[in-house]
Amino acid sequence: MQEVIQVRCPVKNNLLSGASYFAEGVKLIWHPKLRAYILVPLLVNICLFVVLTGTLVHFTGGAIETVMAELPSWLAPLAWLAWIIIGVLLLIVYGYSFNMITNILAAPFYGFLAQKAEEIITGQPLPAESLWKMIPRVMGRELSKLIYFLTRGIIITLVILLLATIPLVNFLAPIIGIAWGAWSMTIQYSDYPADNHQRGFKILRKKLWTKAFSSFGFGGMVMGCSIIPVVNIFAMPAAVVGGTLFWLNELKKCEPEPVEHG
């Protein structure tokens, strides 16, 4: 008999319900039946943490000083705001890079983690799939997401850089960056259960827009934890489980289910 885990995630489209999925994911990753599935991702995260955090500490000071030196004189009175904007953007880049790289390296294991998490939550096993069959499918899916993130991310970055140089509206730059980061995290971590159910990438994005508030609540929590050193090591597996809860509680129930052709 399959074990069913009771969770307290309300089926509501709001920021609080979205954030609750990540909180429940943090609790569930310590479940005995999930521990084996987070071992490899954790090892990948630890190695990546050492490399990226060391790089951030090494280059941050010099990068900020260089940017501040290039600021026009008429922006000098707003130097404190520039420090805040640059600091926030650097942290977003750090968290974004950490997630993107670790997800590429550990994608197949995250797929299995999402599958196992769904099984212990619902008590319903998913169709068995070998690692060798899953790897090419998952890596192809990661490539699709990477192309999506890079193409949209370049445009978002240009908009942020432009706004950062315009007085009175430059405060919007970090807000847009945070919103984009949250949206990206939601797509990334709700995609594992969607992929396990053979739902297309475009279909997933449409579903997420119908649950926009929950999406930004969940992604915002993941993004916030991604920029905190040490915490981000454990945040990724928790986000996979939280994304699975999000899928089960809200996204999967978006009916009628669209069908992709080709």
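So, a few notes on the structure that sits alongside this text. A quick note: this is a predicted structure, and the numbers were derived from the prediction, not measured.

1. Concerning the overall build of the protein chain
Within the protein chain, the regular secondary structure consists of eight helices and zero strands. Beginning at the N terminus, the succession of helices and strands in the protein chain can be written as α-α-α-α-α-α-α-α. Across the 262 residues in the protein chain, those meeting the buried criterion constitute 48%. Intrachain contacts of the protein chain at a sequence separation of at least 6 include 81% that bridge at least 24 residues. Summing over all exposed atoms, the protein chain offers an accessible surface of approximately 13,100 Å²; the carbon and sulfur share of this is 73%.

2. Some remarks on unusual backbone geometry
Here Gln 198, not a glycine, exhibits a phi torsion of approximately 60°, which is positive. The topology assignment puts Gln 198 in the loop between helix H5 (172–196) and helix H6 (201–210). Taking the relative accessible area as the measure of exposure, Gln 198 reaches 55% and is therefore exposed.

3. As for the packing of H5 against helix H7 (residues 212–226)
The interhelical angle for the contact between H5 and H7, taken along N-to-C directions, is 100°, at an axis separation of 7 Å. Considering their axes alone, H5 and H7 lie roughly perpendicular with respect to each other. Listed contacts from H7 to Ala 179, Gly 181, Ala 182, Trp 183, Met 185, Thr 186 and Tyr 189 of H5 are Ser 215, Phe 216, Phe 218, Gly 219, Gly 220, Val 222, Met 223 and Ser 226. Its residues assigned to classes, the contact of H5 with H7 comprises nine nonpolar, six polar and no charged.

Conventions and cut-offs
Residues numbered from 1 in each chain as written. Predicted model: local features only at pLDDT ≥ 70, side-chain atom pairs only at ≥ 80, totals over all residues. Heavy atoms only, no water. Helix = DSSP H or I, 4+ residues; strand = E, 2+ residues; numbered from the N terminus. Buried < 20%, exposed > 50% of the residue type's maximum accessible area, 1.4 Å probe, protein only. Contact = heavy atoms within 4.5 Å. Areas by Shrake-Rupley, 256 points an atom, 1.4 Å probe, with all protein chains shown as cover. Axes fitted to C-alpha atoms, helices over the stretch in contact; angles between N-to-C directions. Parallel < 35°, antiparallel > 145°, perpendicular 65-115°, else oblique. Nonpolar A, V, L, I, M, F, W, Y, C, P; charged D, E, K, R; others polar.

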